[in-house]
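# Geometric and topological summary
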Amino acid sequence: MGTSPRLPSPMPVAPPVLGWATGSGAERSWLSFSMEEDEFFGEKTFQHCCAEFIRHSQQIGDGWEWRTLKDSSEGYMCKTHFQIKSETLMSHSGTSACVQTCLPIEEALELPLDDSEVTETTTGSQVIKYEYHVLYSCSYQVPVLYFRASFLDGRPLALKDIWEGIHECYKTRLLQEPWDAITQQEHPILGQPFFVLHPCKTDEFMTPVLKNSQKINRSVNYITSWLSVVGPVVGLNLPLSYARAASEDE
Amino acid sequence: MRQEDISEIWFEYEGTPLKWHYPIGLLFDLLASSSALPWNITVHFKSFPEKDLLHCPSKDAIEAHFMSCVKEADALKHKSQVINEMQKKDHKQLWMGLQNDRFDQFWAINRKLMEYPAEENGFRYIPFRIYQTTTERPFIQKLFRPVAADGQLHTLGDLLKDVCPSAVAPEDGEKKNQVMIHGIEPMLETPLQWLSEHLSYPDNFLHISIIPQPTD
């Protein structure tokens, strides 16, 4: 038996709002699942939120899928998409800047050729395959975003290439907060190298979101809210219809 | 070799790239436990296997990975309360003690990560990972409490039955596998809490290898 330092008492879980758990034939809120589990956001709740999320993804053709593990109830959510990465030199009033633009393929094909304002020279373009996986971390009891990018020939992109694709406003934040850092880690199910946004601060930014939604009595899907915060940092955007779908689920 | 031909170093044993972020003892137990020491591995300077291995750009990467494991272990044991209460210099001391093989320096900090409140009988959950070369998954890690609802201490056998039942032979069946930690096979009756306090690796995880019983 060890000596006992007086540990601070555990953080209280947000009190359940009873009006949510019941509904006129509507599906159970994620909160009522978590009341059954010992945790605030347990694995069952995670799976339920992902199922709702994927349902909407299927409705709008956004490409998210669920993958189950063989002989197990565990699984994760994943999406693959392709982007054209082109390097262009843009001349603007005499100054030139090197700009990398990442465009979804659909938009790239419709890009108008407009020479009136800038002079562009395309030096090369390549198709990049991005894979995003949403897994559940039982250690931190939050979802975690894993991602990787490769060229079509299989060559993976290095962190510095991925870093270049991240929007400026996120770069500052990531550099200041090392625990929001992107690091390379082993995917716990596939065993292959992926980049990961560190999960230990997820709880900090999700708690106010959830508290507020309770206050204004409007339901949210934890996965939708979480992914809308972390996704854009690494080039993954969610159409607004996900948010509307989440509030309609009750 | 010419300087320009040399790229990132990596290690391999019998065709398997070795994951630098795993403890060396774990790698040995998992891949070569029946071979005699010293362990002969191959060093490569070319053709880094991008799909299999994490890059290791510097010693800082190793420190970052180690600390990340320590933090995850504390998230399981203490909801991160003990590790978060420590100062940055304590975290640094943990790493430096390990790096410089100074046990007392390491243990001065790590012993705090091995404590638990007097009113409890152990940690909240036990940090463990179970490795088998025969499965696709790199390891199994789940939430598992050291103490049952009735207050009984869970054993190593209880853990295996719950998360990896195929590893344990049926009671009257023949023993198919060895359950190995640090090169030894602890008795399955050993309390998991005790194993976590005394047989964890420096990262505070119990790294458990399930390997086929050697035939000799």
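Residues numbered from 1 in each chain as written. Chains lettered and ligands numbered in written order. Predicted model: local features only at pLDDT ≥ 70, side-chain atom pairs only at ≥ 80, totals over all residues. Heavy atoms only, no water.

An unreviewed UniProt entry lists chain B under the name Autophagy protein 5, from Acinonyx jubatus.

The name given to chain A in an unreviewed UniProt entry is Ubiquitin-like-conjugating enzyme ATG10, and the organism recorded there is Acinonyx jubatus. The Sequence similarities (unreviewed entry) field of the UniProt record for chain A holds the comment "Belongs to the ATG10 family." (UniProt positions renumbered as here; feature names shortened; annotations may be inferred.)

Here the focus is the overall build of chain B. Looking only at helices and strands, chain B has 7 helices and 6 strands in total. Starting at the N terminus and ending at the C terminus, chain B contains elements arranged as β-β-α-β-α-α-α-α-β-α-β-α-β. For 216 residues, the compact-globule estimate of 2.2 N^0.38 gives 17 Å, and the C-alpha radius of gyration of chain B, at 19 Å, lies within 12% of that figure. Its C-alpha atoms put chain B at 65 × 50 × 30 Å along the principal axes. For chain B, buried positions account for 48% of its 216 residues. Accessible area of chain B: about 11,600 Å², with a carbon and sulfur share of 52%. A gap of 6 Å separates the mean positions of the 22 positive and 31 negative side-chain charges of chain B. (Helix = DSSP H or I, 4+ residues; strand = E, 2+ residues; numbered from the N terminus. Rg over C-alpha atoms; globule rule 2.2 N^0.38 Å. Buried < 20%, exposed > 50% of the residue type's maximum accessible area, 1.4 Å probe, protein only. Areas by Shrake-Rupley, 256 points an atom, 1.4 Å probe, with all protein chains shown as cover. Lys, Arg positive; Asp, Glu negative; His and termini not counted. Charge placed at Lys NZ, Arg CZ, Asp CG, Glu CD.)

Moving on to the domain arrangement of chain B. Residue and element names in this part refer to chain B. Annotation of chain B at the domain level lists domain 1 (1–57), domain 2 (59–114) and domain 3 (128–212). For domain 1 versus domain 3, the distance between C-alpha centres works out to 26 Å. Listed by partner, the interface residues are 9 residues for domain 1 and 13 residues for domain 3. Around 820 Å² of area is buried between domain 1 and domain 3 when both sides are counted, 68% of it from carbon and sulfur atoms. A per-residue breakdown of the area domain 1 buries against domain 3 is headed by Leu26, Asp29 and Leu30, which together make up 61% of the total. Counting across the domain 1 and domain 3 interface gives 0 salt bridges. (Domains from an automatic or database assignment. Contact = heavy atoms within 4.5 Å. Buried area = accessible area lost by both parts, 1.4 Å probe. Salt bridge = Lys/Arg side-chain N within 4 Å of Asp/Glu carboxyl O.)

Here we come to helix α5 (residues 103–113) of chain B. All names here are of chain B. What α5 keeps buried is the set Phe106, Ile109, Asn110 and Leu113. Take α5 and look down its axis: the buried residues cluster within an arc of 100 degrees, on one side only. Those residues of α5 hidden inside the fold are in contact with α2 (59–78), α3 (81–85) and α4 (88–99). (Arc of directions from axis to C-beta.)

On to the interface of chain A and chain B. On the chain B side, the residues contacting the 31 residues of chain A number 36 residues. Roughly 2,800 Å² of surface becomes buried between chain A and chain B when both sides are summed, with 52% attributable to carbon and sulfur atoms. One can count 3 salt bridges joining chain A with chain B. Close ionic contact of Glu74 of chain A with Lys142 of chain B constitutes a salt bridge, the shortest N to O distance being 3.6 Å. On inspection of chain A and its partner chain B, the count reaches 8 residue pairs in polar contact (both at pLDDT 80 or more). When its residues are assigned to classes, the side of chain A that touches chain B shows 14 nonpolar, 13 polar and 4 charged. (Polar contact = N/O pair within 3.5 Å; in protein donor to acceptor, adjacent residues only side chain to side chain. Nonpolar A, V, L, I, M, F, W, Y, C, P; charged D, E, K, R; others polar.)

Moving on to the nonpolar core. With 41 residues, the main nonpolar core has Trp64, Met77, Val134, Leu145, Ile223, Trp226 and Leu227 of chain A as its most contacted residues. Elements represented by at least two residues in this core include exactly α3 (43–60), β4 (119–137), β5 (142–151), β7 (193–197), α7 (202–215) and α8 (222–230) of chain A. If we skip the residues at most four places from it in the chain, Leu145 of chain A touches Tyr132, His133, Val134, Phe195, Val196, Leu197, Trp226, Leu227, Val230, Gly231, Val234 and Leu236 of chain A. The next biggest cluster of nonpolar side chains, apart from the first, holds 36 residues, and it includes Leu27, Phe128, Ile181 and Ile210 of chain B. (Core = buried A, V, L, I, M, F, W, Y, C linked by side-chain atoms within 4.5 Å.)

Another point: the UniProt feature "domain: Autophagy protein ATG5 alpha-helical bundle region" (unreviewed entry) in chain B. Using the residue numbers shown here, the UniProt feature "domain: Autophagy protein ATG5 alpha-helical bundle region" (unreviewed entry) corresponds to residues 60–115 of chain B. The span residues 60–115 of chain B shows a helical share of 84% and a strand share of 0%, and its end C-alpha atoms are spaced 28 Å apart.

Excluding glycine, most residues fall at negative phi; most peptide bonds, likewise, are trans. Residues and elements named next belong to chain B. The omega torsion across Leu37 and Pro38 is 0 degrees, close enough to zero to call that bond cis. Note that Pro38 resides in the loop between α1 (24–32) and β3 (42–44). Positioned with a positive phi, Asn204 is a non-glycine residue whose angle comes to about 75 degrees. Along the polypeptide, Asn204 turns up in the loop between α7 (192–198) and β6 (206–212).

Describing two packed helices takes the angle between their axes plus the distance from one axis to the other. Residue and element names in this part refer to chain B. Relative to each other, α4 and α5 sit at 125 degrees, their axes nearing to 7 Å. Taken together, the axes of α4 and α5 lie oblique to each other. Judged by the twist between their axes, the crossing of α4 over α5 is left-handed. Each of Asp90, Gln93, Leu94, Met96, Gly97 and Leu98 in α4 lies in contact with α5, whose residues at this interface are Gln105, Phe106, Ala108, Ile109, Asn110 and Leu113. (Axes fitted to C-alpha atoms, helices over the stretch in contact; angles between N-to-C directions. Parallel < 35°, antiparallel > 145°, perpendicular 65-115°, else oblique. Left-handed = near helix turned anticlockwise from the far one by under 90°.)

Counted by the stated rule, this structure contains 12 salt bridges over all chains. As a salt-bridge pair, Asp62 of chain A and Lys79 of chain A come within 3.0 Å of each other at their nearest N and O atoms. One end of the pair, Asp62 of chain A, is in the loop between α3 and β1 (65–68); the other, Lys79 of chain A, is in strand β2 (residues 75–92), with 17 residues separating them in the sequence. Judged by relative accessible area, which is 14%, Asp62 of chain A ranks as buried. Judged by its relative accessible area of 8%, Lys79 of chain A is buried. Taking the shortest distance from any N to any O, the salt bridge between Lys92 of chain B and Glu63 of chain B comes out at 3.0 Å. Here the residue Lys92 of chain B occupies a position in helix α4, and Glu63 of chain B occupies one in helix α2, the gap between them amounting to 29 residues.

Let us now look at the environment of Pro49 of chain B. Residue and element names in this part refer to chain B. Locating Pro49 in the fold gives a position in the loop between β3 and α2. Assessed through its relative accessible area of 13%, Pro49 is described here as buried. Between the C-alpha atom of Pro49 and that of Ile208, which follows or precedes it by 159 residues, the distance is 26 Å. Beyond its immediate chain neighbours, meaning those up to four positions away, Pro49 contacts Trp10 and Pro17.

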